[in-house]
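Single-letter residue listing:
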Amino acid sequence: MLSLNSNQRQYLRRLAHDFKPIVQVGKQGLSSTVVAAVASALDAHELIKVKFVEFKEERRELTDQLVADTEAALVALVGNVAILYRPSRIQDKQVIVLPR
């Protein structure tokens, strides 16, 4: 699992502020399709928002599972939206440079 310090989390939160959620967790919960969509979105964008339309009470547990399955880092969990970060696995695709 990727770890971030507080300065990096704050930087990524600022970057993600105006983003719209790319993936939504609905009635099917955390299916393999949702995990694959999140992994694909992370490769394409590095920093994404995931919205919990259903399972709002279990959002923390589902976010932890999603982070583990995609090998991402949880930047923040704000309301029903999780902000996730993972450097792109596509060669020469990494865009976001984290502060130290």
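Whatever comes next refers back to the structure up there.
Report on the accompanying structure.

1. A short note on the pattern of salt bridges
Counted under the stated rule, the structure contains two salt bridges. Salt-bridge contacts for R86 lead to D43; the nearest nitrogen and oxygen are separated by 2.8 Å. Here R86 is found in the segment after β4 (81-85), whereas its partner D43 is found in helix α2 (residues 32-45), with 43 residues between them in sequence. Accessibility expressed as a relative area gives 19% for D43, which makes it buried.

2. Structural notes on the nonpolar core
Within the largest apolar cluster, 17 residues are counted, with the highest numbers of intra-cluster contacts made by V38, L42, I48, V50, L66 and L84. Considering each element in turn, this core owes the most residues, five residues, to α2. V50 has contacts with V23, V25, V38, L66, N80, V81, A82 and L84, leaving out every residue within four places of it along the chain. Residues L12, L47, A73 and I83 belong to the second largest nonpolar core, which totals ten residues.

Here is what the cut-offs are and how they apply
- Residues numbered from 1 in each chain as written.
- Predicted model: local features only at pLDDT ≥ 70, side-chain atom pairs only at ≥ 80, totals over all residues.
- Heavy atoms only, no water.
- Salt bridge = Lys/Arg side-chain N within 4 Å of Asp/Glu carboxyl O.
- Helix = DSSP H or I, 4+ residues; strand = E, 2+ residues; numbered from the N terminus.
- Buried < 20%, exposed > 50% of the residue type's maximum accessible area, 1.4 Å probe, protein only.
- Core = buried A, V, L, I, M, F, W, Y, C linked by side-chain atoms within 4.5 Å.
- Contact = heavy atoms within 4.5 Å.

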